[in-house]
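# Results of the structural survey
Here is how the chains run, residue by residue.
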Amino acid sequence: MDLPTLWFGIIAFLFVGYFVLDGFDFGVGMSLPFLGRDDTDRRVLINTIGPVWDLNETWVIVAGAALFAAFPEWYATMFSGFYLALLLILLALIARGVSFEYRHQRPEARWKRRFDLMITVGSAVPAFLWGVAFANVVRGVPLDAGFNYTGTFLDLLNPYALLGGLTTLLLFFTHGVVFVSLKTDGEIRERARRLAVRSGAATILVAAGFLAITSLMHGTLASTVLSVAAAATLVASFVANLRGREGVAFATMAVTIGLAVVSLFAALFPAVMPASNDPANSLTIANAASSTYTLTVMSWVALVFVPLILAYQGFTYWIFRKRVTRAAIPVAAH
């Protein structure tokens, strides 16, 4: 395996990590209006991800930095062509992060409702737009000979991309609701499990449709096999949730998201940004990659630090593995 191919795989791994980990964060944030019947419920929901949400979010920073260093042409084309969508994602993530820190600073119900709305919107917007962005990358976008995006923001909102956005929105929502059932107890746990049944059924229909269309229009043998495997694990997660096995449901949902992301990268390979107007203008792992020296240095750095990051993240999850209950929430000062 050559270095550009290796780093294509590493970029895929980093985005898998981001979508699996920040995906359930998004889902928990989106579930506030559905599961949070009072302020204590909403505090329980937020506390399930309170110790880990910012750590999960760093995966996208690492993925972006790795993309910039390993494939600067890909980074430049994507971030210039998709700048409005990526700006909206950034603003939503900022609003969500600010809300986590500020909603408890004042006791007024109106103050908290406003920040709760920011959490919900700040979770839903990235969950939807990431799917739109990746669907457009797989579908291909108009590029000129200099690899510059020549379309508009509205061109990105095509039916296939919107279906991709709806797929990630539902996947992350269900992933988050299953996480709530895994991390809470009592009535909120039961409500989360019932909600996961309803959202899971919708997710199966939408995700299966998106993966089927992707396989038919842009798929390879490898991506099709991965899509079928993703569909199978999604159904397995749904069945596990029906049986009240939250741990299995959460794990298989994480596998589903991982397989779905890898299937999209497999559908791309060896391209990284196909040109829909002229295949000659497409970016590939060959013409988008950095020099061999740069990729070699990056490989040694990744070999040292990636295991350390994974070990630290695993340790964090182990420390905060206990369920969050209403009884554990201190009475708010008034």
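Structure: see above.
Residues numbered from 1 in each chain as written. Predicted model: local features only at pLDDT ≥ 70, side-chain atom pairs only at ≥ 80, totals over all residues. Heavy atoms only, no water.

A word on the overall build of the protein chain. The secondary structure content of the protein chain amounts to twelve helices and two strands. Relative to the 2.2 N^0.38 estimate, which gives 20 Å for 334 residues, the radius of gyration of the protein chain is 20 Å and therefore close to what a compact globule would have. Each principal axis of the C-alpha atoms in the protein chain carries an extent, and together these give about 65 × 40 × 35 Å. Within the protein chain, the fraction of its 334 residues that count as buried is 51%. Of all intrachain contacts in the protein chain linking residues separated by at least 6 positions in sequence, the fraction that spans at least 24 positions is 80%. Of the accessible surface of the protein chain, which amounts to about 15100 Å², a share of 71% is contributed by carbon and sulfur atoms. The average position of the 23 basic charges and that of the 19 acidic charges among the side chains of the protein chain differ by 13 Å. (Helix = DSSP H or I, 4+ residues; strand = E, 2+ residues; numbered from the N terminus. Rg over C-alpha atoms; globule rule 2.2 N^0.38 Å. Buried < 20%, exposed > 50% of the residue type's maximum accessible area, 1.4 Å probe, protein only. Contact = heavy atoms within 4.5 Å. Areas by Shrake-Rupley, 256 points an atom, 1.4 Å probe, with all protein chains shown as cover. Lys, Arg positive; Asp, Glu negative; His and termini not counted. Charge placed at Lys NZ, Arg CZ, Asp CG, Glu CD.)

Attention shifts here to the pattern of salt bridges. Enumeration over the complete set of coordinates arrives at 15 salt bridges. With a shortest N-O distance of 3.3 Å, D22 and R96 are connected by a salt bridge. Taken together, the residues span a long stretch of sequence, with D22 in helix α1 (residues 3–30) and R96 in helix α6 (residues 83–102) at a distance of 74 residues. Of the charged contacts in the structure, one is a salt bridge between R191 and D41, with a shortest N-O distance of 2.8 Å. Within this pair, whereas R191 is found in helix α9 (residues 187–218), its partner D41 is found in helix α3 (residues 39–49), the two being separated by 150 residues in sequence. Its relative accessible area of 6% is what places R191 among the buried residues. Among the ionic contacts, a cluster of salt bridges with common partners joins R37, D38, D41, E187, R191 and R326. (Salt bridge = Lys/Arg side-chain N within 4 Å of Asp/Glu carboxyl O.)

Within α3, nine of the eleven residues are buried, leaving the element largely enclosed by the surrounding structure. Residues of α3 that are buried include every one of D39, D41, R42, R43, V44, L45, I46, T48 and I49, and no others. Capping the start of α3, D38 holds a side-chain oxygen 3.2 Å from the backbone nitrogen of T40, two or three residues further along. (Polar contact = N/O pair within 3.5 Å; in protein donor to acceptor, adjacent residues only side chain to side chain.)

A word on the packing of α1 against helix α11 (residues 246–268). Packing of α1 against α11 leaves a shortest axis separation of 9 Å and a crossing angle of 145°. You can see that α1 and α11 cross each other, and the crossing is right-handed. On α11, the residues touching F8, I11, A12, F15, V16, F19, V20 and F24 of α1 are F250, A254, I257, G258, V261, V262, F265 and L268. Here the residues of the contact of α1 with α11 sort into 15 nonpolar, one polar and no charged. (Axes fitted to C-alpha atoms, helices over the stretch in contact; angles between N-to-C directions. Left-handed = near helix turned anticlockwise from the far one by under 90°. Nonpolar A, V, L, I, M, F, W, Y, C, P; charged D, E, K, R; others polar.)

The end-to-end C-alpha distance of helix α4 (residues 53–70) is 26 Å, a good match for the 26 Å that 18 residues give at a rise of 1.5 Å each. Looking at α4, one finds that the buried residues are W53, L55, N56, E57, W59, V60, A63, G64, A66, L67 and A70. Its buried side turned inward, α4 meets α1, α3, α5 (72–81), α6, α7 (109–139) and α12 (292–319). (Expected span 1.5 Å × (residues − 1).)

This paragraph deals with the packing of α6 against α7. One way to put it is that α6 packs onto α7 with a least axis distance of 8 Å and a crossing angle of 150°. The handedness of the crossing between α6 and α7 comes out as left-handed. On the side of α6, the interface is formed by A85, L86, L88, I89, A92, L93, A95, R96, V98, S99, F100 and Y102, while α7 contributes W111, F115, M118, I119, G122, S123, V125, P126, L129 and W130. Across the contact of α6 with α7, the residue classes tally to 18 nonpolar, three polar and one charged.

On to a nonpolar patch on the surface, then. Together, Y83, L84, L87, L88, L90, L91, I94, V98 and Y102 make up a nonpolar patch on the protein surface, roughly 820 Å² of accessible area in all. Here L84 is to be found in helix α6. Exposure remark for L84: the relative accessible area of 33% places this residue in the partly exposed category. (Patch = residues over 30% accessible without salt bridge, like charges linked within 9 Å, V, L, I, M, F, W, Y side chains within 5 Å.)

Note that M1 resides in the segment before α1. The class of M1 is exposed, set by a relative accessible area of 80%.

On to the nonpolar core, then. The tendency in soluble globular proteins is for nonpolar side chains to be buried side by side. Judged by nonpolar contacts, the single largest core of 94 residues is most densely connected at F15, F19, F71, W74, W130 and F265. With residues up to four places along the chain from it excluded, the contact list for F15 reads A63, W130, F134, V261 and F265. (Core = buried A, V, L, I, M, F, W, Y, C linked by side-chain atoms within 4.5 Å.)

Turning to the packing of aromatic side chains, a few remarks are in order. Tallying each qualifying case throughout the model produces 30 aromatic pairs. Here the aromatic residues F8, F15, Y18, F19, F26, F71, W74, W130, F134, F172, F265 and F269 are joined through ring pairs into a cluster of three or more. Directly above the aromatic system of W318 lies the positively charged group of R321, at a separation of 3.8 Å from the ring centroid. (Phe/Tyr/Trp six-rings, centres within 6.5 Å; stacked < 30°, edge-to-face > 60°. Lys NZ or Arg CZ within 6 Å of the ring centre and 35° of its normal.)

This part is about the environment of A208. Checked against the element boundaries, A208 lands in helix α9. On the basis of relative accessibility, which here comes to 37%, the residue A208 falls in the partly exposed class. Separated by 41 residues in the primary sequence, A208 and T167 have C-alpha atoms spaced 8.9 Å apart.

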